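Chain by chain, the residues:
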Amino acid sequence: MATATNAPEFTVSELARALKKTVEDSYGHVRVRGELGRVTVAKSGHVYLDLKDEQAVIDGVVWKGMAAQLAFRPEEGLEVIAEGRLSTFPGRSKYQIIIDRMEPAGAGALMALLEERKKKLAAEGLFDPERKRALPFLPRTIGVITSPTGAVIRDILHRLEDRFPVHVLLWPVLVQGDRAAAQIVEAIQGFNSLPDNGPLHRPDVLIVARGGGSIEDLWCFNEESVVRAAAGSDIPLISAVGHETDTTLIDFASDRRAPTPTGAAEIAVPVRRELIERVDLAGSRLSGALRRSVDRKRSDLGALVRAMPRAENLLFDKRQRHDFVSQRFDTALKTGVERKRGRLETLAAGLRPAALQRDINQARRRMTEVSRRLQPAYGRQLRQHTREVASLGARLDSLSYKNVLARGFALVRDEAGGVVRAGSSLGEGQALMLTFADDATRRAVIWDDPARPSAAPAAKPRKKAAKKPPPEQGNLF
Amino acid sequence: MSDTRPDDIKAMSFERALEELEQIVQRLESGEVELEQSIAIYERGAALRKHCETRLKDAELKVEKIVFGPDGRPQAEPADLDTPG
């Protein structure tokens, strides 16, 4: 059990309040150096973060109003010096540092961060020279992204007015503090997403500008989102941040880097007066050149006209030649006709009737002569052919079967006219036709029966048998 | 005077128009252009010159500021900046 009983008793609330008072009184203003741990931006806009070193961690908070004024965006790993007061939240009795001011712990820390980021973005190709787009020679509209207050926009407008007044569309942004980066990104993308034919003329070139300041002041132009937006802009973009010696990452990603905002205006537009002079000069040279050209051509023409021979002289030659040729033509025509006429007469002489008659008579005599010689020759030939035919006929007769008949044989044929060569097959009553040497053909019938011995063998209708009977026998049938 | 610029010149950028004008001047000055062609070229040069002059004459500083309408879309209104002069 407890031995000391004279100690006063607190309620929890009393103790918590007492602690809060002690902490706030003792640490009403502190300056602490440490590394940022986890950083959270709440929806309310308050920023909650951890401040730490190797052994310890303290919670920290930057209220919304203060956060907007920070020159840089708190990032994990960044070494910072924070100023503020300590307090506790009685509900949890946790103490935390309420930060009023915070800055990177020396430029060295930021530079190291910058170098690291630059390497990373360069490795991605965001700074490649081939990404750079040419600026328009004479933009109609220039989009300027900067603070609407301050010297920067005035410097730009002033220099534009001097050189070549154009249409300027200002997209007002914060150029410092926690919200600057997001606004600048929105402005770059906003200009790019304007339609070509919308009520708002899409700028032909963009200028992102800010005046000089510390590295912390310019920090938003090192933000990765801003660098990426500048690199991704379709509209050519000129960066003009700080003074000539200040270099931020947007300068590497932009298409042109201007040393100052005034310089950006000079890069963006040519000098109108010079252009007017150029156009005037070209215009007067144009008129002069045409005039001289026409003058020169006129004098060339004059020279040619003077050098031109007289028309009569040009024609004289031709006319003489014409005369000469037409003379020769008449002569040639006459000669030609004469020659043709001579030939015609020669031919006509050949056409006289006497000559024709003579030719006819000559032909007739020749024909008579030929026909006279033709008749004896024809007779001779005819007699010779007759003799030959007779001779051939005799030879033919000597080979005829009729000669055999003349020697007493008869030709035996059946009724169909076929020659009968064998008698044994002939039946009784069969009709036969017998042809004799005097061409007479008589019919006979077989009447003997081979079975009857009395049959007269002389009647056998065989050629050989028919040879023996006298010719008169045939007549007996 | 009515605008007699050909359409292709109307659409031409100032820079290209000026370049072509200067080329035309050089060609005409060289004297190597035929008469009829030189007149046509001159007329084109005159149109280009007019185009350039119009563009130069139109130059006027007009400053507008982006504001956001109730629909959240950007729109322009005349900028009331404390510009000098």
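Residues numbered from 1 in each chain as written. Chains lettered and ligands numbered in written order. Predicted model: local features only at pLDDT ≥ 70, side-chain atom pairs only at ≥ 80, totals over all residues. Heavy atoms only, no water.

Student: Tell me about the overall build of chain B, and please be specific about residues and values.
Tutor: Within chain B one finds 3 helices and 2 strands. Beginning at the N terminus, the succession of helices and strands in chain B can be written as α-α-α-β-β. In chain B, buried positions account for 33% of the 85 residues. Look at the contacts in chain B between residues 6 or more apart in sequence, and 51% of them connect residues 24 or more apart. Carbon and sulfur atoms make up 45% of the accessible area of chain B, which totals about 5500 Å². (Helix = DSSP H or I, 4+ residues; strand = E, 2+ residues; numbered from the N terminus. Buried < 20%, exposed > 50% of the residue type's maximum accessible area, 1.4 Å probe, protein only. Contact = heavy atoms within 4.5 Å. Areas by Shrake-Rupley, 256 points an atom, 1.4 Å probe, with all protein chains shown as cover.)

Student: Any details on the sheet that holds strand E13 (residues 441-445) of chain A? Residues and values, ideally.
Tutor: All names here are of chain A. Here 3 strands make up an open sheet; going across it, the order is E11-E12-E13 and the pairing antiparallel. Among the strands making up the open sheet, the edge pair consists of strand E11 (411-414) and E13. The average angle at which neighbouring strand axes cross in this sheet is 30°, direction not considered. (Pairing = 2+ DSSP bridges. Axes fitted to C-alpha atoms, helices over the stretch in contact; angles between N-to-C directions.)

Student: Just give me the short version of the interface of chain A and chain B, but keep the residues and values in it.
Tutor: Each side of the interface is counted separately: chain A has 43 residues, and chain B has 41 residues. When chain A packs against chain B, close to 3700 Å² is buried across both sides, 69% of that on carbon and sulfur atoms. At the surface where chain A touches chain B, the tally comes to 2 salt bridges. Where A:Arg278 meets B:Glu22, a salt bridge forms, and the shortest distance between an N and an O atom there is 2.8 Å. Our count for the chain A to chain B interface comes out at 10 residue pairs in polar contact (both at pLDDT 80 or more). Secondary-structure elements contributing two or more residues to the side of chain A that touches chain B are helix H4 (151-163), strand E7 (167-172), helix H5 (180-192) and helix H9 (272-307) of chain A. The leading source of residues in the side of chain A that touches chain B is H9(A), at 19 residues. Both E7(A) and strand E1 (residues 62-68) of chain B contribute to a ladder of 4 bridges, which runs parallel. Residue A:Leu169 lies in a different strand from E1(B), and its bridge partner there is B:Glu64. (Buried area = accessible area lost by both parts, 1.4 Å probe. Salt bridge = Lys/Arg side-chain N within 4 Å of Asp/Glu carboxyl O. Polar contact = N/O pair within 3.5 Å; in protein donor to acceptor, adjacent residues only side chain to side chain.)

Student: Requested: an account of helix H3 (residues 35-57) of chain B, with residues and values cited.
Tutor: For H3(B), with 23 residues, the first-to-last C-alpha span of 32 Å sits near the 33 Å given by 1.5 Å per residue. Within H3(B), the full set of buried residues consists of B:Ser38, B:Ile41, B:Gly45, B:Ala47, B:Leu48, B:His51, B:Cys52, B:Arg55 and B:Leu56. In this fold, the buried residues of H3(B) make contact with H9 of chain A together with helix H1 (7-10) and helix H2 (14-30) of chain B. (Expected span 1.5 Å × (residues − 1).)

Student: Go over the nonpolar core, please, and point to the residues and values.
Tutor: Core analysis: the biggest nonpolar cluster contains 54 residues, and A:Met102, A:Ile145, A:Ile184 and A:Phe191 have the highest contact counts within it. Both domains that furnish three or more residues to this core are identified here as domain 1 (12-105) and domain 2 (131-270) of chain A. Apart from residues no more than four positions distant in its own chain, A:Ile145 is found in contact with A:Trp171, A:Val173, A:Ile184, A:Ala187, A:Ile188, A:Phe191, A:Ile207, A:Val208 and A:Ala209. In terms of nonpolar packing, the next biggest core, distinct from the first, is built from 47 residues, A:Val205, B:Phe14, B:Leu28 and B:Val33 among them. (Core = buried A, V, L, I, M, F, W, Y, C linked by side-chain atoms within 4.5 Å. Domains from an automatic or database assignment.)

Student: With reference to specific residues and values, describe the UniProt feature "coiled-coil region" (unreviewed entry) in chain B.
Tutor: Summarizing the sequence annotation, UniProt attributes the feature "coiled-coil region" (unreviewed entry) to residues 11-38 of chain B in the numbering used throughout. End-to-end, the C-alpha atoms of residues 11-38 of chain B are 23 Å apart, and along that stretch the chain is 75% helix and 0% strand. (UniProt positions renumbered as here; feature names shortened; annotations may be inferred.)

Student: Could you give me a rundown of the packing of H5(A) against helix H6 (residues 224-232) of chain A, with the residues and numbers involved?
Tutor: Residues and elements named next belong to chain A. Across the interface, H5 lies against H6 with an axial gap of 9 Å and an inter-helix angle of 10°. Taken together, the axes of H5 and H6 are roughly parallel relative to one another. Seen from H5, the contacting residues are Ala 181, Ile 184, Val 185, Ile 188 and Gln 189; seen from H6, they are Ser 225, Val 226, Ala 229 and Ala 230. For the contact of H5 with H6, the residue count by class is 7 nonpolar, 2 polar and no charged. (Parallel < 35°, antiparallel > 145°, perpendicular 65-115°, else oblique. Nonpolar A, V, L, I, M, F, W, Y, C, P; charged D, E, K, R; others polar.)

Student: Could you give an account of a nonpolar patch on the surface, with specific residues and numbers?
Tutor: Judged by side-chain polarity, A:Phe10, A:Leu15 and A:Leu19 come together as a nonpolar surface patch covering roughly 310 Å² of accessible area. One can find A:Phe10 in the segment before helix H1 (12-26). (Patch = residues over 30% accessible without salt bridge, like charges linked within 9 Å, V, L, I, M, F, W, Y side chains within 5 Å.)

Student: Please provide a residue-by-residue account of the pairing of E1(B), values included.
Tutor: All names here are of chain B. When E1 meets strand E2 (residues 74-78), the two strands line up antiparallel, connected through 5 bridges. When the sheet's bridge partners are listed, Glu 64 is paired in E2 with Pro 78. The antiparallel pairing of E1 with E2 creates a hairpin that spans 5 residues between the two strands, and Gly 72 there sits at a positive phi of about 85°.

Student: Before we move on, can you summarise the pairing of strand E3 (residues 57-62) of chain A with the specific residues and values?
Tutor: Residues and elements named next belong to chain A. Across 6 bridges, strand E2 (residues 47-52) lies against E3 in antiparallel orientation. The residue of E3 that forms the bridge with Leu 51 is Ile 58. Between E2 and E3, which pair antiparallel one after the other, the connecting turn spans 4 residues.

Student: So what's going on with the sheet that holds E7(A)? Residues and values would help.
Tutor: Spatial strand order, E10(A)-E9(A)-E8(A)-E6(A)-E7(A)-E1(B)-E2(B): 7 strands in an open sheet with mixed pairing. Two strands in the sheet have a free side with no partner beyond their single neighbour: strand E10 (256-257) of chain A together with E2 of chain B. Taken strand by strand, H5(A) contacts strand E6 (141-146), E7, strand E8 (205-210) and strand E9 (237-241) of chain A together with E1 of chain B, and its axis lies near 165° from that of E6(A).

Student: A description of the pattern of salt bridges should follow, citing residues and the corresponding values.
Tutor: Per the counting criterion, the structure on display carries 26 salt bridges over all chains. Between A:Glu79 and A:Arg33 there is a salt bridge; the shortest N-O distance is 3.1 Å. Of this pair, A:Glu79 sits in strand E4 (residues 79-89) while A:Arg33 is found in strand E1 (residues 30-41), placing the two residues 46 residues apart along the sequence. Residue A:Arg33 is classed as exposed on the basis of its relative accessible area, which comes to 51%. Measuring nitrogen to oxygen at the nearest pair gives 2.8 Å for the salt bridge that ties B:Asp8 to B:Arg44. Separated by 36 residues along the polypeptide, B:Asp8 in helix H1 and B:Arg44 in helix H3 bring together distant segments of the chain.

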